Every structure is written in C-alpha cells, then in structure tokens.
Amino acid sequence: MLSLTRLIIILLACGLVRAVADSQNLQGIYALVKRRIPKHADVFSFSLIDGEPDAFVVSDAPRSGRGGGVHIECTTVSACARGLYTYLTQSGGVDIWWTGSRLNELPSRLPKVGKPIKGQAIVPYRYHFNTVTFDYTSAFWDFEQWELELDWLALRGVNLPLAWVGYEYILIETFREAGLSDGDISDFLSGPAFQAWNRFGNIQGSWGGSLPTAWVNDQFALQKRLLPRMVELGMMPVLPAFTGFVPRALAALYPNTSIVTGSQWSGFPATLTNDSFLEPSDALFSTLQASFLAKQRAAYGALSHVYTLDQYNENDPFSGAPEYLRSVAAGTFASLRAADPDAVWLMQGWLFFSSADFWTDERVAAYLGGVPGNDSMIVLDLYSEAAPQWNRTQSYYGKQWVWCELHGYGGNMGLEGNLDELTHGPLTALKSPGSSMKGIGLTMEGQEGNEIVYDILLDQAWSAAPLDISSYADSWVARRYLVKPLPKAALDAWKILSTAVYNNRDPSTQATIKSIYELAPALTGLTNRTGHHPTAVPYDTNTTVLPALKLLLKARAQHPALGAVPEFAYDVVDVARQLLSNRFIERYTTLVATYNDSSSTAETVTAAGAPLLALLADLDGLLYTNGNFLLSRWIADARKWAHGSASYGAYLEYNARNQVTLWGPGGEIDDYASKAWAGLVGTYYKPRWEAFVAYLADTKRTGNSYNATFMRQTMLALGEKWDNGTWGTGAGERWGVHGNTWSTVARVLHTWA
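Residues numbered from 1 in each chain as written. Predicted model: local features only at pLDDT ≥ 70, side-chain atom pairs only at ≥ 80, totals over all residues. Heavy atoms only, no water.

(A) Spotlight on unusual backbone geometry. Between Lys484 and the following residue, Pro485, the backbone shows a cis peptide bond with an omega angle of -5°. Here Pro485 shows up in the loop between helix H18 (469-481) and helix H19 (488-501). In the Ramachandran plot, Leu482 falls in the positive-phi region, its phi being about 70° despite a non-glycine side chain. (Helix = DSSP H or I, 4+ residues; strand = E, 2+ residues; numbered from the N terminus.)

As structure tokens, then:
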C-alpha cells in the first residue's frame with residue numbers, strides 16, 4: 001500500500017505534469033493575447049479542464065497586489081479562444097475585423113466579469129473556407145495577412161479550416177516520383193489566381209505563362225508557417241489529398257492505367273479543360289495517394305486526419321451508373337485509409353446543387369454509400385442558407401455534414417443578407433429528425449464586405465437558441481464603432497440595414513447583389529437577374545440605403561471621433577458605394593429607354609449616357625478614399641511575390657487583372673469575380689461604358705442596327721488590352737488612397753441622393 005506521503009507526491013506530480021501540458025497546449029492562445037492585446041498580456045490566464053466538449057467558463061481572477069485578472073477555463077484550446085473572445089466582446093466591448101484588430105482598444109482598467117460567463121459550442125465542427133476563397137481572396141496573401149485571418153477565425157471559435165496553401169509543391173513531387181517530367185507537370189498546373197479550379201479538375205494548364213517554380217516554393221514555405229499556427233490556435237487543418245486529376249502525359253507513361261476524360265468546363269477550350277481523371281479503382285491511384293500523403297506528412301508533420309477531396313465539382317462523372325459512382329467513392333476512400341488509417345474525407349456538397357439534374361437521389365446515395373461508416377466523411381452543405389441539399393438527401397444519408405453559408409460569390413460586394421435564416425436555419429436542421437449535422441461554417445467564395453452576416457453565423461454556433469437580431473446588431477455596431485457614447489443615429493442606421501437590406505426574404509436573390517456597371521454593357525439582360533449572381537435589388541433604396549447613409553453621417557457630426565474609426569469609415573464608403581450602384585440602374589434604364597425611342601438622336605442618347613459616366617467617375621473617386629477598396633492593393637499584393645523580377649511581376653499582375661475581369665483567355669466567365677474597386681471602376685468599367693454609349697450614339701447617327709456580337713467583341717478586345725497592362729503607367733492609374741472620405745461622401749449625397 002502506498003504511504004500517504006508518497007501518494008501526495010504522486011498526485012502533485014500528476015498535477016504538475018497536467019499543468020505543464022496545459023501550458024504547452026495553450027501557448028498559442030497566450031501568444032495571441034500578446035500579439036493582439038500586449039498591454040494586458042499578463043492579465044489573462046487559461047487552463048484546460050475535463051468536461052463537456054468545446055465548453056468554457058470566464059471568471060474574474062485575483063492577481064496578487066496588482067488588481068483583478070481574467071481567467072478562462074476550457075475543455076479545448078478552441079473553446080479557450082472563444083472564451084477569450086466572449087470576454088473581449090461582451091465585457092470589453094472590442095473586436096477584431098477583416099479590416100484590422102481593435103482588441104488593443106480594450107480599456108486600460110479591465111471591466112469585471114462579475115457572474116461567470118459560460119459558453120459551449122452546439123456543434124463539434126466550426127468550419128471555414130471555400131476552396132475558391134484561396135484565389136478570390138487570399139491568392140496573394142503574405143503571412144501577416146494570414147495571421148490576422150487566423151486570429152479572426154480562432155477567436156470566433158473556428159476549429160476546422162481548409163488549408164490549401166502550398167499544395168502544388170507536394171503534388172509536383174508526387175508526379176515527379178511517378179516519372180512525369182517537369183514539362184508534363186507544368187503543362188497541367190494553372191496560374192496563381194486560378195489554382196482552385198485546377199485543384200477541382202475544372203481546368204488544366206495556364207494562360208499568360210506557366211506557373212513559376214518560385215511561386216510553388218514560396219507557397220510551400222508559407223504553408224510551413226500557417227499549419228503550426230492553425231494547430232496552436234486549436235484548429236485541425238483540413239489538408240489536401242490526391243484527387244485523381246493528372247497531367248495528360250500520365251496516360252502515355254502508364255498505358256495500361258484506367259484514365260478517363262472529364263467534362264468541359266464553362267466554355268473553356270479543350271486545351272485548358274477536359275481534365276484527365278485517374279480512376280480510383282486503378283492501383284496507381286492508391287500508389288499516388290500514398291505518395292502524396294507521405295510527402296505531405298514528412299513536410300508538415302502528422303497534424304490532421306481530415307482531407308479535402310472533390311472530384312466532381314461542376315465536372316460530371318464518366319458514368320452515371322450507381323455502381324460506378326459507388327466504386328469511385330469506395331476506391332477513393334480506401335486509398336485514404338491505406339495511407340492514413342484514421343483518415344476522414346471532407347467534400348464540398350456544391351455538386352448536388354449545381355449539377356442537380358445529374359445527381360439524382362439514387363446517384364447521391366450511391367456515391368456517399370461507397371464510403372463505409374458515417375463518421376468517415378464530412379459533407380459541406382455549401383449553400384444551406386438558400387439551396388440546402390441536406391433535406392433532400394435525408395441528412396446526407398447519415399454522413400456527417402456541416403450547415404454552411406455561401407452568400408459571397410466571386411468576392412462580389414453588394415450589400416445583402418438574410419439574418420433571420422442564419423439564426424434559425426442551422427437550429428432547424430440540427431433538430432430535424434435523424435439529423436447527422438455536426439457543424440456550422442462559412443464557405444463564401446470571397447471575403448469582401450457584409451461582415452455581419454458571417455459574424456452572426458459563427459456566433460450562432462455557440463448559442464442553442466436563435467440570436468436576437470435587434471440586440472445582436474446593436475452590440476455588433478457598438479464594438480465596431482468603439483466611441484462612447486455611441487450616437488443613436490449609428491444604431492438607427494444599422495437598424496434599417498439589419499431589418500431591410502440584411503433581412504432579404506426573396507428566395508431568388510439570396511447572395512451578394514452584383515452591380516450592373518460591373519457587367520459588360522448591353523441593351524438587355526443586365527437588370528433584374530436572379531439566382532446566385534443577382535442584380536435585382538430586393539429593397540427600396542430610398543427607404544433603406546439612403547437614410548442609413550445619412551444617419552451614419554449624422555452620427556459622425558454628433559461624435560467627430562467616429563471619423564477616425566477605420567470600420568466606421570469603411571462602412572460609410574460601403575453604404576455610399578451601394579447607393580451609387582443602385583442609382584446606376586436607374587440611369588441605365590433611362591439610357592436604354594432613350595435609345596429605344598424611335599425619335600431619339602445621337603445627341604439625346606449621348607446626353608442620356610452622360611449621367612452613367614459621371615456616376616462612375618464619382619464612384620471611382622469615392623472608393624479611392626479608403627484603402628480597402630483599391631485595385632492597386634490587389635495588384636501590389638500580387639507583385640510583392642516577384643522578388644523584384646520584372647517579368648515575374650508582370651506575370652503575377654496579369655493573373656490578378658484577368659481574374660477580376662475576363663476570367664479566362666477569351667472572357668470565358670468574364671466579370672464573375674468583378675469588384676467595386678477604385679482603379680477598376682475608373683480604368684476598366686468606365687471605359688467600357690464610354691464605348692457603349694458612343695456606339696449607341698453612332699448607330700443613331702449612321703442608322704445602323706445595334707449589333708450585340710460587335711459589342712461583345714469590342715468588350716473582349718478592351719479587356720484583353722487592359723489585362724496586359726502595367727499598373728501605374730496609364731492615365732488615371734494611382735497607387736494608394738486619394739481624397740477625403742467625408743467631403744467626397746457629402747458630394748455623392750448632394751449629387752445622387
């Protein structure tokens with residue numbers, strides 16, 4: 001029998017070991033505090049405890065001779081981060097945004113917690129990222145930009161982020177080992193702004209030049225910094241796997257392998273699409289999977305067992321036979337488990353919506369049924385807020401799935417949201433009979449504005465009851481704008497926005513609203529579009545956006561310090577931008593009506609077009625006043641990876657330009673990723689509309705009929721020339737911020753209200 005003394009020593013030792021282990025596990029959270037709240041770095045303490053998953057308790061903690069501190073107990077590292085965030089937002093009144101961290105604005109004398117604050121996630125997975133976000137938003141991010149993003153994610157409780165950066169390095173090494181030449185591999189890979197669709201098997205090869213080795217190496221080095229940071233912040237990164245898409249040359253190298261040709265994608269020429277797909281039933285598939293995962297593990301360590309793998313994203317299978325689909329999934333999963341016995345396959349469920357005609361219930365059941373066990377797969381119900389597929393698939397036939405908000409297609413920037421659905425939809429799905437829902441997440445294609453609709457969903461993941469939208473909006477605005485007392489006008493502005501613009505119940509416009517000035521000019525087809533790239537505006541501008549903008553300016557007049565708050569300035573520019581976008585529709589409608597009037601002349605058409613061009617000039621000037629709305633920043637972010645090489649810099653700039661304009665060598669999906677950015681408006685959209693108005697006037701002058709084909713060719717030629725430009729060398733091309741936000745917005749209101 002142990003003596004009492006020895007037993008006490010053992011217990012103390014166990015406690016010490018646990019304390020040391022906890023300290024090591026929580027070092028990432030302590031580092032976050034030092035990074036974002038350096039003046040209070042010694043005030044916060046954390047400890048891991050046993051208990052319910054993803055739970056935390058925030059309480060006051062005495063500090064010897066130094067006043068009070070804050071202690072956070074948690075059952076996971078992610079819960080500790082969320083507990084910290086809960087204190088910072090609820091007690092401290094500060095937050096971290098895409099535009100920057102304001103956590104350092106925490107009061108010098110920390111507010112008391114009072115009654116301990118308890119919290120727990122309602123789902124085990126809080127997911128973030130769409131595969132295409134890695135191109136539409138973060139294609140050219142450096143570590144500092146990623147650091148802000150990861151802190152934003154960790155504090156909001158995200159624990160399952162997608163981690164695509166550096167994928168090509170591992171893939172190239174895998175293909176080399178298989179015997180493919182560097183030339184064969186280079187012919188397969190796509191440019192930095194288009195890698196997501198190469199990873200999806202939609203496109204192969206590049207336009208504008210081959211993918212440089214320097215890019216591959218730099219992204220690999222970046223991933224080596226990102227993955228440890230994710231892990232120390234309590235996240236399990238979702239890592240890439242071998243998908244089956246291979247260079248065409250593999251068929252000649254392995255003539256007896258089973259390789260099929262994928263479908264054409266979005267009108268791209270055959271040389272750039274119809275990707276080769278190595279069938280998972282072929283032994284070579286398992287060989288390449290094992291090689292890829294082994295190299296990835298050697299490079300980064302055994303950090304995760306969750307792998308992203310999408311084989312049929314907007315790319316129909318070779319056969320629709322249920323047995324074939326089941327065998328593809330079974331072979332794919334077997335290859336994962338052979339390489340990693342604990343592997344979990346994560347896939348985006350977009351295909352079941354976008355290709356619904358192909359993916360009948362029988363085929364969905366067959367494909368998912370090829371994966372044994374329900375815990376071995378996670379399906380992202382990618383567009384849950386508007387086109388959920390979980391309900392038609394009987395909760396994905398028992399597989400784990402995540403309720404996701406897509407919303408932001410192509411990084412488009414129009415104001416829109418459905419806060420009611422975001423606070424009720426996930427709970428309805430979670431409580432539905434037989435639900436296998438295990439997560440809540442964000443899968444927007446691009447992170448561009450509308451931040452409240454993403455914040456509220458991640459916050460809903462920590463509340464078993466629907467969040468009250470009115471009180472949520474008030475507290476969100478109070479910590480976004482920081483000043484005390486916050487003028488009521490600011491709250492009133494957001495009351496309008498949250499109950500109207502962000503309360504869109506129209507099922508045909510559930511996505512960011514695309515501004516028609518961003519589209520190639522035409523006489524028809526621009527207005528009242530619906531679907532996931534809507535141009536129809538589902539609210540009345542005069543009773544929503546306009547009064548909201550006036551109230552924001554009234555708030556600044558009442559409390560001038562608001563003008564120095566970055567998020568306030570951002571919101572004012574954003575709301576003013578939306579006002580101009582909506583006013584453009586009215587002027588466009590007038591132009592078309594004037595042109596279609598048989599009595600109109602070249603002069604009357606030119607006069608009707610003048611307001612459109614004046615509006616675009618004013619819009620460009622408005623956007624130039626805020627650094628978050630600059631094309632030049634996107635280009636500068638791209639060029640910084642060139643390490644001073646002029647040719648490499650030009651290649652990167654072409655990629656950056658082409659994505660937000662023609663999106664393809666021949667405008668295959670032009671304007672899909674359009675943006676309301678200063679410089680893009682002034683040097684691309686405005687010249688297109690100038691050419692359009694001039695052409696309309698010319699047809700009146702000459703008596704020729706309107707030729708839509710000629711107009712499309714004109715726009716393509718303009719786009720090709722613009723894409724090959726070098727920023728800063730043309731007329732009106734400026735770097736950085738220009739002008740004063742407040743005087744510019746005042747002029748906008750005076751002219752366009």
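And the narrative resumes.
(B) Helix H20 (residues 545-558), seen in detail. For H20, spanning 14 residues, the distance from its first C-alpha to its last is 20 Å, which sits close to the expected 20 Å at 1.5 Å a residue. Residues Val545, Leu546, Ala548, Leu549, Leu551, Leu552 and Ala555 constitute the buried set of H20. Tucked inside the fold, the buried residues of H20 contact H18, H19, helix H21 (566-596) and helix H27 (741-752). (Expected span 1.5 Å × (residues − 1). Buried < 20%, exposed > 50% of the residue type's maximum accessible area, 1.4 Å probe, protein only. Contact = heavy atoms within 4.5 Å.)

(C) Quick peek at the pairing of strand E6 (residues 117-120). Alternating positions in E6 separate cleanly, Ile117 and Gly119 being buried on one face and Lys118 and Gln120 remaining unburied on the opposite face. Pairing between strand E2 (residues 55-63) and E6: 4 bridges, direction antiparallel. In the strand pairing of E6, Phe56 is matched with Gly119. (Pairing = 2+ DSSP bridges.)

(D) Quick look at the pattern of salt bridges. Tallying each qualifying case throughout the model produces 30 salt bridges. Linking Glu567 and Arg102 is a salt bridge whose minimum nitrogen-to-oxygen distance equals 2.9 Å. Of this pair, Glu567 sits in helix H21 while Arg102 sits in the loop between strand E5 (100-101) and E6, and the two are 465 residues apart along the sequence. Under the relative-accessibility criterion, Glu567 is labelled buried at 0%. Classification of Arg102 as buried rests on a relative accessible area of 15%. Its salt-bridge partner being Arg199, residue Glu168 comes within 2.8 Å of it at the nearest N-O pair. Here Glu168 is found in helix H6 (residues 167-177), whereas its partner Arg199 is found in helix H8 (residues 195-199), with 31 residues between them in sequence. Per residue, the accessibility class of Glu168 equals that of Arg199, and both read buried. Residues joined by salt bridges that share partners form a network here, namely Arg35, Arg36, Glu147, Asp151, Arg229 and Glu232. (Salt bridge = Lys/Arg side-chain N within 4 Å of Asp/Glu carboxyl O.)

(E) Region of the structure containing the packing of H21 against helix H22 (residues 602-623). Contact geometry of H21 with H22 gives a least axis separation of 9 Å together with a crossing angle of 170°. Our classification of the angle between H21 and H22 gives roughly antiparallel. In this structure, H21 contributes Val573, Ala576, Arg577, Leu580, Arg583, Phe584, Arg587, Tyr588, Leu591, Thr594 and Tyr595 to the contact, and H22 contributes Thr604, Val605, Ala608, Gly609, Pro611, Leu612, Leu615, Leu616, Asp618, Leu619, Leu622 and Leu623. When the residues that make up the contact of H21 with H22 are grouped by side-chain class, the tally is 16 nonpolar, 3 polar and 4 charged. (Axes fitted to C-alpha atoms, helices over the stretch in contact; angles between N-to-C directions. Parallel < 35°, antiparallel > 145°, perpendicular 65-115°, else oblique. Nonpolar A, V, L, I, M, F, W, Y, C, P; charged D, E, K, R; others polar.)

(F) Just the nonpolar core, in detail. Residues Phe44, Phe140, Trp197, Trp345, Tyr367, Trp663 and Trp689 are the most contacted members of the largest nonpolar core, which totals 257 residues. Element by element, the count of residues in this core is highest for H21, at 15 residues. (Core = buried A, V, L, I, M, F, W, Y, C linked by side-chain atoms within 4.5 Å.)

(G) Fine view of the packing of aromatic side chains. Per the counting criterion, the structure on display carries 64 aromatic pairs. One Lys or Arg, Arg480, reaches over the ring of Trp97 and ends 4.8 Å from the middle of that ring. The cationic tip of Lys700 hangs over the ring face of Tyr595; the distance from NZ or CZ to the ring centre is 4.9 Å. (Phe/Tyr/Trp six-rings, centres within 6.5 Å; stacked < 30°, edge-to-face > 60°. Lys NZ or Arg CZ within 6 Å of the ring centre and 35° of its normal.)

(H) Structural view of the sheet that holds strand E8 (residues 160-161). Overall, parallel pairing links the 8 strands, which are arranged E8-E7-E17-E16-E15-E14-E13-E9 in an open sheet. Looking along the sheet, the strands with just one partner apiece sit at the ends: E8 and strand E9 (239-240). Note that strand E7 (residues 125-128) and E8 share 2 bridges and pair parallel. Bridged to Tyr127 within E8 is Leu160. Contacts between helix H16 (residues 419-431) and the sheet are confined to strand E16 (400-405) and strand E17 (437-442), with E16 contributing the most and set at about 170° to the helix.

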